[in-house]
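Examining the three-dimensional arrangement
One letter stands for each residue in the lines below.
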Amino acid sequence: MGNTQQDGNALLSVNKLGFAVQGKTILDNVSLELSRKEILTIIGPNGAGKSTLVKLVLGLLAPTSGNINRQNKISIGYVPQRLSLDSTLPMKVSRFLSLAQVDKAACYEALDFLHIRHLAGQQIHKLSGGELQRVLLARAIARKPDLLVLDEPLQGVDVNGQIELYRLIASMRDHLDCAILMVSHDLHLVMAQTDSVICLNQHVCCHGQPESVSQHPEYLKLFGQQAVDEIAVYQHHHDHHHNLHGEAVNCDEGCNHG
């Protein structure tokens, strides 16, 4: 049991993982594998154990059974589900990023990639929800991680801002040559931006490409036909996209969101 390292092709391999607290099973027999440049999204109802799985992958919790294999010398970037900041404590975005213990050039490169260099001098507690999420992403990618772990990364972002942020997240795997493990409840958005999906409810209910998972009986049992219908609506071809503030922007030949 526990965490080991490996030299295989997979960046991350989770094998028959179990976790229990005071006799209560949180996760049971969970297995997954993640390779470089793959986006794997974990979905599931509240209480399914999604955030617990993330903490186990990060090494913040120790598994009760099974093991987690990480490629040797793997670097991990992490965006937490929530970040509690003391609004009375002044802290500029640039100072916040410096706490990630990466050099200044890497911080500004990350800000530029996410189009938020102009926020560097802003007080972090005055940022909007969408701005804060981009800053958290910048902190994570400034480390140039092999594996990017995102736990509900779009908390507090409106739906149009979510669409744009999901596209940015999808582009990160090529920019960083990394794998992405993401937890989300935004089913209709996730299904268009991920390579594979795991539907979790203490155990793995189903696992596969988005199209197959969305038709799986266990998925339908958890989320219902309405979720499938919503996914279909969001998979149509767009002639525009939305920026972080929800404003419609006409697409050009550089857009690749289909």
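Residues numbered from 1 in each chain as written. Predicted model: local features only at pLDDT ≥ 70, side-chain atom pairs only at ≥ 80, totals over all residues. Heavy atoms only, no water.

Some remarks on the overall build of the protein
What the protein contains, in helices and strands, is 9 helices and 12 strands. Every one of the 258 residues in the protein was classed for burial, and the buried ones make up 50%. By sequence separation, contacts in the protein at least 24 residues apart represent 67% of the contacts at least 6 residues apart. Of the roughly 12,600 Å² of accessible surface on the protein, 47% is carried by carbon and sulfur atoms. (Helix = DSSP H or I, 4+ residues; strand = E, 2+ residues; numbered from the N terminus. Buried < 20%, exposed > 50% of the residue type's maximum accessible area, 1.4 Å probe, protein only. Contact = heavy atoms within 4.5 Å. Areas by Shrake-Rupley, 256 points an atom, 1.4 Å probe, with all protein chains shown as cover.)

With respect to unusual backbone geometry
Leaving glycine out, the prevailing phi sign among residues is negative, and the prevailing peptide bond configuration is trans. If you check the backbone angles, Gln101 has positive phi at about 60 degrees while not being a glycine. Checked against the element boundaries, Gln101 lands in the loop between helix H2 (93-98) and helix H3 (104-113). If you check the backbone angles, Gln202 has positive phi at about 70 degrees while not being a glycine. As for its placement among the helices and strands, Gln202 is situated in the loop between strand S9 (196-201) and strand S10 (203-208).

Here we look at the environment of Glu152
Within the secondary structure layout, Glu152 lies in the loop between strand S7 (147-151) and helix H5 (159-176). Its relative accessible area of 9% is what places Glu152 among the buried residues. Residues Glu152 and Val79, spaced 73 residues apart in sequence, show a C-alpha to C-alpha distance of 8.3 Å. Beyond its immediate sequence surroundings of up to four residues, Glu152 is in contact with Lys50, Gln81, Val183, Ser184 and His185.

What about the pattern of salt bridges?
In the structure shown here, the tally under the stated rule is 6 salt bridges. Its salt-bridge partner being Asp195, residue Arg173 comes within 2.7 Å of it at the nearest N-O pair. Here Arg173, found in helix H5, pairs with Asp195, found in the loop between helix H6 (187-193) and S9; they are 22 residues apart in sequence, far enough to count as distant. Residue class for Asp195 comes out partly exposed when judged on its relative accessible area of 32%. One continuous salt-bridge network, built from bridges that share partners, spans Lys37, Asp174 and Asp177. (Salt bridge = Lys/Arg side-chain N within 4 Å of Asp/Glu carboxyl O.)

Things to note about the nonpolar core
Leu114, Val135, Met172 and Ile180 are the most contacted members of the largest nonpolar core, which totals 39 residues. Residue assignment for this core shows that the elements contributing at least two residues are H2, H3, helix H4 (129-141), S7, H5 and strand S8 (179-183). Listed in part, the 25 residues of the second largest apolar core include Phe19, Ile26, Ile42 and Leu200. (Core = buried A, V, L, I, M, F, W, Y, C linked by side-chain atoms within 4.5 Å.)

Comments concerning H3
Three or more residues of H3 are buried, namely Ala106, Cys107, Ala110, Leu111 and Phe113. Here the buried residues of H3 occupy an arc of 165 degrees about the axis, which is enough to place them on one side. For H3, the exposed residues lying more than 90 degrees away from the buried face are Lys104 and Ala105. The opening residue of H3, the one whose side-chain oxygen lies 3.2 Å from the backbone nitrogen of Ala105, is Asp103. His115 sits one or two positions beyond H3 and adopts a positive phi of about 60 degrees. (Arc of directions from axis to C-beta. Polar contact = N/O pair within 3.5 Å; in protein donor to acceptor, adjacent residues only side chain to side chain.)

With respect to the layout of surface pockets
The calculated volume of the second largest pocket comes to roughly 310 Å³. Every residue lining the second largest pocket is counted, 20 residues in all, and those nearest its centre are Pro45, Asn46, Gly47, Lys50 and Glu152. Top contributing element to the lining of the second largest pocket by residue count: helix H1 (residues 50-58), with 4 residues. (1 Å grid on protein atoms, 1.4 Å probe; cavity = no way out; pocket = protein on both sides within 12 Å on 5 of 7 lines; lining within 4 Å. Points joined across faces, edges and corners; volume = space filled by probe spheres on them.)

Brief notes about the environment of His185
The topology assignment puts His185 in the loop between S8 and H6. Sequence spacing of His185 and Pro45 is 140 residues, and the spatial spacing of their C-alpha atoms is 7.9 Å.

Considerations on the confidence of the model for the protein
Here the protein averages 80 in pLDDT, and 78% of its residues register 70 or above. Here residues 230-248 scores under 50 on pLDDT; set against residues more than four positions off or in separate chains, the count is 50 contacts. A low-confidence stretch, residues 254-258 stays under pLDDT 50, and its non-local contacts, those more than four residues away or across chains, total 9 contacts. (pLDDT = per-residue confidence, 0-100.)

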